[in-house]
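Reading the structure
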Amino acid sequence: MRRYSAFAIAREAARYHQGWERAWAAPEPKKKYDVIIVGAGGHGLATAFYLGKNFGITNVAIIEKGWLGGGNTGRNTTIIRSNYLQDPSAAIYEKARSLYETMSQDLNYNVMFSPRGVMMLAQTESEIRGYQRTAHANAYQGVSTEFISPQRVKELCPIMNIDGPRYPVLGALWQPRGGTARHDAVAWGYARACSDMGMDIIQKCEVTGVRSEGGKVVGVDTSKGAIDCNKLAVVVAGHSSDLAQMAGFRLPMESVALQALVSEPIKPCMDVVVMANTVHGYMSQSDKGEMVIGGGTDAFNNYTQRGSFHHIEETVRALVETFPMVSRLKMLRQWGGIVDVTGDRSPIITKTPVQNMFINAGWGTGGFKAIPGSGWAMAELVAKGEPGPLSAEFGMNRFIEGRFIDESVAAGVAH
Amino acid sequence: MSTRLSNTGRLVNRSAVKNFTFNGKKMQGYEGDTLASALLANDQMLVGRSFKYHRPRGIVASGGEEPNALVNMGEGARFEPNQRTTTTELFDGLTCTSQNHWPSLEFDVGVANNYVARFLPAGFYYKTFMAPRAAWKHVFEPIIRQSAGLGKAPKEMDVDRYEHFYAFEDVVVVGGGIAGLQAAKAAADSGAQVMLMEQTTDWGGRAPVDGAVIDGKPADQWIDETVAALEAMENVTLRTRMMGAGVYDHGYITGYERVADHTPGDGRPRHRLWRIRAKQIVTATGAIERPLSFAGNDIPGVMLASAVRDYVVNYGVSIGEKTVVVTNNDDGYRTAIALVEAGLQVPMVVDARSEVEGELPNKARDLGIRVEAGKAIGKVKGGKRVTGVGICLQNGEGGALEEVKCDAVAMAGGWSPVVHLWSHCGGKLIWDETQAHFRPDANRAPTGANGEAFVLTAGIANGDMGTTEALASGDAAGKAAAKAAGHKASRKAAPKADVVAENAMAPVWIMPQNAGPDLRMKMWLDYQNDVKVSDVQLAAREGYESVEHTKRYTTLGMATDQGKLSNINGLAILADSLNAEIPQVGTTTFRPPYTPISMASIAGEARGEIFQPLRKTPMHDWIENNGAHFEPVGHWRRPYAYLQDGETVEEAVKREVKNTRRKLGLLDASTLGKIIVKGPDAGKFMDMMYTNMMSTLKVGKCRYGLMCNENGFLSDDGVVARMDEDTWLCHTTSGGADRIHGWMEEWLQTEWWDWDVYVANVTEQYAQVAVVGPNARKVLEKLGGMDVTKGSLPFMEWAEGQIGGFDTRVFRISFSGELSYEIAVPASQGRAFWDALMEAGEEFGVQPYGTECLHIMRAEKGFIMIGDETDGTIIPQDLGLNWAISKKKEDFLGKRAQERTFMTNPDRWKLVGLETLDGSVLPDGAYAIKEGDNDNGQRNMEGRVTSTYHSPTLGRGIAMGIIHNGPDRMGEVIEFGKVDGTMVKAKIVDQVFFDKNGEKQDV
């Protein structure tokens, strides 16, 4: 792989940029791989990357039905934070956040991680108590957060109206090293690094069946033919249930559309990420200048990836109320992404009833921020066959045992 | 220069002059002008700067597809960025400024980017700015952010009003061109309820500009007659200034009506968002002309040929004195002809096709226009304004044959149907080789719940390029839509137009065909985002081969026009780079809205005080007028405390607790959920909903009950009263009333639909007052009426009767540990009853108390609070509430879940009381810290605080918490961590801090 740098750009400029090589190869599938990863989204690619980097496993194929990074990795609101309440969540999200800190350098691909700070507004007494609890937990989980005053909120985000007549801002949980990143670049950067390690990223290749012998996975059927493997990792947010069904078991999750929208671009006016759970809305400003706005999930299960209207209405109302300047901006585009949601809204990183088949799913509305941590934990599970500490609590047996990891107390809405 | 002509302009009223300013410069236009046409009439071609390279940008289009001419508009509370001048009606007093430059439009420092553009190709920022690590946040990102963005952020609170309208229609026709008009007419003739919306101010679309003749009449006349006929029909709603914004599932369509954008401050709502449910939708949304890709095609003065024609014919504005027309089709000649007919010069029509014959080219030749076949523009000369073009062979590399002096270039690259609304809800497209465009595939339309198509398409939006064909498809779509909506289609024939024969266009995606990299770096695809032909080719070279990858890597089509001008040209370049066919490459996804709509219109009326519905109890006004410090609870606002003169909130709470414990307190408990469960199977149902046995509760008795979800977690609690043989009244928490009502309905409707149970939420039908304290009975006895003595109405019973002349239901329940009566009266009597209690209570020391006092008193008694002791992860067993879980019942919601291994694990944290050794108040949400770390390096914890208060009664901090093996560790001292890392020591104690034997409440 030829390294990216300002020097490389200057070199290529001299020859009209004709000399850039492919960011990732486009190989035909081999007959067999040590590990097949289904799903070339952020989580799947990160899994592959850490399989190679941490465990030296590079005979890997990453199979993607569409185009890499084309699922939720490419359609989320790019927020990165780790101010979670429960220990297992805080551990994996903070691992992810810390990996984002050096991701551009690790991948030699600028993913534009911008630790501009994330604040979650408290607008009711119970939210104050909830966030104070999170701040206490975070203090002993190695997550740097603090509960800040309304005045500090206003200083950090001057466009906010903290004296709204209905829900004045009473404080906020502030994570100064939370932020955003360029979502597509995360997938592209991992893809480039994986390809460089000799892994095969096979796009436009749909998995149609999971083949197993004697309860042990041996390969997959795809639209490009059968491919054998020793181990199979399924990382296909939104369609995890479908893949599980192919392998003959069920997952405790549902798929719903999560709504999002952006405004037209404007000059910089907001330097932090704000989430307002009481009024249901969150917003940040992209480097391009668009206000990036997240809404809720549709109340019905579906796979359409379409924007629907009732949720964005609720979201935009909340934002006009919280940020009066939003009123005279225009909505440029709205869309939906399919998220798979578990009973406790926490992910599943797990062994399955089929030996050597592993699933990483159920990140619900909060998957982007987890990508590197999720990949790190999944790679360990796949490589060793047993979960490491990061994923130990996220096995799917927890639903049989009743051992939930419920974050609903910390985040009432999509996050 | 661009200027106003004296002899044309069908839409402007020259007798009505409108004054406006651009960058402080005073200008004049006419009624009927768009801001764009008025700017051009004042020779203001340069209107902005591009996103990335800050190149000079001029107006390029005449409608919603305009990527360049966006301005900051208005001032103060009516300021708005990114206003599209081509769709802004001119009005007197309009002020606007150009965007994205510093210090001025003419001299923009940002143009430095342009001089180093070669070093800033697509995606350059992914390859650099990586070192040192901290520089991204502190140096590079701020520079990029400042350079990007377009208009400025509004600063002041919006003073305008917005509203939502709702409509239900048989047929909604989007687009008021001739196809849309005919579709509406055909549908309306069948008797269907029809709405026709047009985004501009005028009906008829392009037909009058193109000189169409319909049924032997000029297009304008046919349009006027058709509109008049539609206006006369009662089953038709006509709306101009209204854009079809988005099509959603089940025939849901939003219409964005710009009611008063052109009359700011006249008192009408500025925008109106129509939310329409249509049985059938006809998209007659027209088409958008494509630019041609030649070097310098972004220099101000280069414009779409159709736009040049629009400005001349509609607004009487010439773009230049000498206009070179460059085309790959016959339609471009219409512009050349219109210009010459308006007295302007067309030095040359540059036609990329090798052979040029036919009605329109020959007419142009007859007018003396020089037509050059097989030629191309090699390069446009000029900086902030076109000064000439270099002509070359289309199939060459760009070697100049000659230079033609001109001050405008009109480019005609063929037409792309507006397929956005068709595509929003899943309609698919097919590639039309002849016209080189995507058009709707009628066989793969968006389908509704019944599997039938609910969107039809008509006119040029369907690829029906000829006037007669457009009218015919409009007619057919109107009839088909009416029929699908249940009406009998009319049998009137479609109108006919005079046919103008056109020869085939030739797809030309790059001009000249074999242009080298130097030229390709100057061929703009996306004018706003500065994406060039070379950028798309670079993306393909680097493996960003999916059209979505190319889009995201280059930002092609991600500007405010969402690729209306650039997408087809861009994906043709991509297809060429990949050696693929265009349909294989496919389009990116079309998302609502069609063009950007105001956020305010989405929010509608809901802002400020009416942002969300405010629920008020009958006592609300009294509470508001008596010093209430409110807190939001759901959509209610409840008094946290009542502040007396000079008091702080803390002082007020302390006073309220003491007064209630010593004398008499009143709580407005009206927000408490009240749900009636009634029917022959109500007892069975109650036993399923609650963990307790409720079916055996005797009439007249009350019982504290717990509700769990199917995972066993405690979700609500409250006192249940048995009203009669088949009726129970369930009290829920204030915040839980609607949720629990929905929960009950869900089970009844989805699981136990055959049970005879009826559930009604009567929360707002009753006002409820908690009369609490040692003097509670005295005040009731003073008011007189029913017997409220212990003998007649013991603890945990209820009775109906009169008190002080009010019809009441009196519940002897207590959440404070005091002698307490919760008294319900009809809501209409609530305020009067409250006043009567306050008056009668005066001699007994009555004072109202708020929610914080309520919380403290319950904590002093060790009563749990949903939301404090519970958080969705707590089972009743954690809270020592085993006594409230029936062991006799076979089943209840949560029973099986509570038998799961983790739920029965003895290591679960359990509820206890906590007292700090120093009497201080434990911090809210603090965790009990244990020695050592877990496998993830986090400190081990052994419990947490769930409720913590200063107890005015005991004069010290009290708390409840859940602690590992807590009930077995009474007296043990453990440590709680503060956020600053220091520790607080607290002793594990019984959770009941006050009146442990419950003597005070049972008197």
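Just so we're clear, the structure is a prediction, and the values are computed from it rather than from any experiment. (Residues numbered from 1 in each chain as written. Chains lettered and ligands numbered in written order. Predicted model: local features only at pLDDT ≥ 70, side-chain atom pairs only at ≥ 80, totals over all residues. Heavy atoms only, no water.)

Considerations on the overall build of chain A
We apply this condition: A run of H or I in DSSP becomes a helix once it reaches four residues, and a run of E becomes a strand once it reaches two; helices and strands are each numbered from the N terminus. This radius of gyration counts C-alpha atoms alone. The globule rule is 2.2 Å times how many residues there are, raised to the power 0.38. For the exposure calls, accessible area comes from a 1.4 Å probe over protein chains only, and a residue counts as buried if that area is under 20% of its type's maximum, exposed if over 50%, partly exposed in between. The contact definition used throughout considers only heavy atoms, calling two residues in contact when any of these lie within 4.5 Å. Only the protein chains shown count as covering a residue, and every accessible area follows the Shrake-Rupley method with a 1.4 Å probe.
Scanning chain A from terminus to terminus reveals 11 helices and 18 strands. Whereas a compact globule of 415 residues would reach a radius of gyration of roughly 22 Å, chain A reaches 21 Å, a difference of no more than 12%. Counting only C-alpha atoms and orienting by the principal axes, one finds that chain A spans roughly 65 × 65 × 40 Å. In chain A, which comprises 415 residues, the share counted as buried stands at 72%. Expressed as a percentage of contacts within chain A between residues at least 6 apart in sequence, the contacts between residues at least 24 apart total 75%. Within the structure as shown, chain A displays about 12100 Å² of accessible surface, and the carbon and sulfur contribution to it stands at 50%.

Thoughts on the sheet that holds strand β21 (residues 349–351) of chain B
All names here are of chain B. The test is simple: DSSP bridges decide pairing: two strands pair if at least two such bridges lie between them. The axes are straight lines fitted to the C-alpha atoms, using for helices just the contacting stretch, and the angles between their N-to-C directions are given from 0 to 180°.
Ordered by their spatial adjacency, five strands build an open sheet running β18-β26-β20-β21-β22, and the pairing between neighbours is parallel. Every interior strand has two partners, whereas the edge strands, β18 (302–304) and β22 (371–373), have only one. Direction aside, the axes of adjacent strands within the sheet are offset by 20 degrees on average. Pairing between strand β20 (residues 323–327) and strand β26 (residues 408–412): five bridges, direction parallel. The residue bridging V326 from the neighbouring strand is M411, located in β26.

Digging into the side chain of T808(B)
Residue and element names in this part refer to chain B. Formally: Throughout this description, a polar contact denotes any pair of N or O atoms lying within 3.5 Å of each other; where both atoms belong to protein, one of them has to be capable of donating a hydrogen while the other can accept it, and for residues adjacent in sequence the pair is counted only when both atoms sit in side chains.
Relative to the helices and strands, T808 is located in strand β44 (residues 806–811). For T808, the side chain forms a polar contact with the main-chain oxygen of G801, separated by 2.7 Å. Not counting residues up to four positions away in its chain, the partners in contact with T808 are M786, A799, E800, G801, Q802, I803, I823, A824, V825 and F833.

Some details on the packing of helix α21 (residues 776–783) of chain B against helix α22 (residues 830–841) of chain B
Residues and elements named next belong to chain B. This is how it is decided: Each angle gets one of four labels, with under 35 degrees taken as roughly parallel, over 145 as roughly antiparallel, 65 to 115 as roughly perpendicular, and the rest as oblique. Side-chain classes follow a simple rule in which Ala, Val, Leu, Ile, Met, Phe, Trp, Tyr, Cys and Pro form the nonpolar group, Asp, Glu, Lys and Arg form the charged group, and the remainder, Gly included, forms the polar group.
Taken N-terminus to C-terminus, the directions of α21 and α22 make an angle of 110 degrees; their axes are 9 Å apart at the nearest point. The orientation of α21 relative to α22 falls into the category roughly perpendicular. Residue-level inspection shows V779, L780, K782 and L783 of α21 in contact with α22, the latter providing A836, L837, E839, A840 and G841. Per-class residue counts for the contact of α21 with α22 are six nonpolar, one polar and two charged.

Looking at the interface of chain A and chain B
Heads up, the rule is: Simply put, the buried area is the total loss of 1.4 Å probe accessible area from both parts when two parts are fitted together. Salt bridge, as applied in this entry: a Lys or Arg side-chain nitrogen positioned within 4 Å of an Asp or Glu carboxyl oxygen.
In this complex, chain A contributes 112 residues to the contact, which on the side of chain B involves 124 residues. Summed over both sides, the interface between chain A and chain B buries roughly 10600 Å², with carbon and sulfur atoms accounting for 55% of that surface. Summed over the three residues of chain A that lose the most area to chain B, namely Y140(A), R166(A) and R328(A), the buried surface amounts to 10% of that side. Summed over the shared surface of chain A and chain B, the result is 12 salt bridges. With its nearest N and O atoms 2.7 Å apart, the salt bridge here joins R133(A) to D871(B). Our count for the chain A to chain B interface comes out at 69 residue pairs in polar contact (both at pLDDT 80 or more). Split by residue class, the side of chain A that touches chain B holds 53 nonpolar, 31 polar and 28 charged. Pairing of strand β16 (residues 330–342) of chain A with strand β33 (residues 597–598) of chain B, which is carried by two bridges, proceeds in the antiparallel orientation. Paired with K330(A) across the bridge in β33(B) is S598(B).

What about the side chain of E127(A)?
Looking at the secondary structure, you find E127(A) in helix α5 (residues 125–139). Those residues in contact with E127(A), other than ones at most four positions away along the chain, are L121(A), A122(A), N277(A) and T278(A).

Side note on the nonpolar core
The line we're drawing: In plain words, nonpolar cores are sets of buried Ala, Val, Leu, Ile, Met, Phe, Trp, Tyr and Cys residues tied together by side-chain atoms within 4.5 Å.
Judged by nonpolar contacts, the single largest core of 200 residues is most densely connected at I62(A), M119(A), M160(A), Y190(A), F323(A), F294(B) and Y311(B). Looking at this core, the element that brings in the most residues is helix α7 (residues 183–196) of chain A, giving eight residues. Discounting residues that sit within four places of it in the chain, M160(A) has contacts with M119(A), L121(A), V153(A), K154(A), V169(A), V274(A), T322(A) and F323(A). Among the nonpolar cores identified, the runner-up in size contains 46 residues, and F438(B), L556(B), V585(B) and F590(B) belong to it.

Notes on the confidence of the model for chain A
Threshold: Every residue gets a pLDDT, meaning the predictor's confidence in that residue, from 0 to 100.
Averaged over chain A, the pLDDT score is 94; the fraction of residues at 70 or greater is 98%. Throughout residues 410–415 of chain A the model reports pLDDT below 50, and contacts reaching past four residues in sequence, or to other chains, amount to 21 contacts.

A short note on the domain arrangement of chain A
All names here are of chain A. Keep this limit in mind: Annotation comment: domain bounds sourced from an automatic or database domain assignment.
Each assigned domain of chain A is listed here: domain 1 (28–115 + 179–252 + 344–415) and domain 2 (116–178 + 255–342). When each unit is reduced to the centre of its C-alpha atoms, the spacing between domain 1 and domain 2 is 26 Å. On the side of domain 2, 44 residues touch domain 1, which itself brings 46 residues to the contact. Each partner contributes to the roughly 3500 Å² buried at the junction of domain 1 and domain 2, and carbon and sulfur atoms together form 53% of this total. Where domain 1 touches domain 2, the interface holds one salt bridge. The partner of R177 in a salt bridge is E101, and the shortest N-O contact between them spans 2.7 Å. On the surface where domain 1 and domain 2 come into contact, there are 19 residue pairs in polar contact (both at pLDDT 80 or more). Only β3 (79–80), α3 (87–101), β7 (179–180), α8 (240–247) and α11 (398–401) provide two or more residues apiece to the side of domain 1 that touches domain 2. The greatest single-element share of the side of domain 1 that touches domain 2, amounting to five residues, is contributed by α3.

Observations regarding the pairing of strand β6 (residues 171–175) of chain A
Residue and element names in this part refer to chain A. Counted residue by residue, β6 has five buried out of five residues, so it is predominantly covered. Side-chain alternation along β6 places G171, L173 and Q175 on one buried face and A172 and W174 on a second face that is also buried. Note: strand β4 (residues 118–122) against β6, five bridges, orientation antiparallel. Each residue of the ladder has a partner; that of A122, found in β6, is G171.

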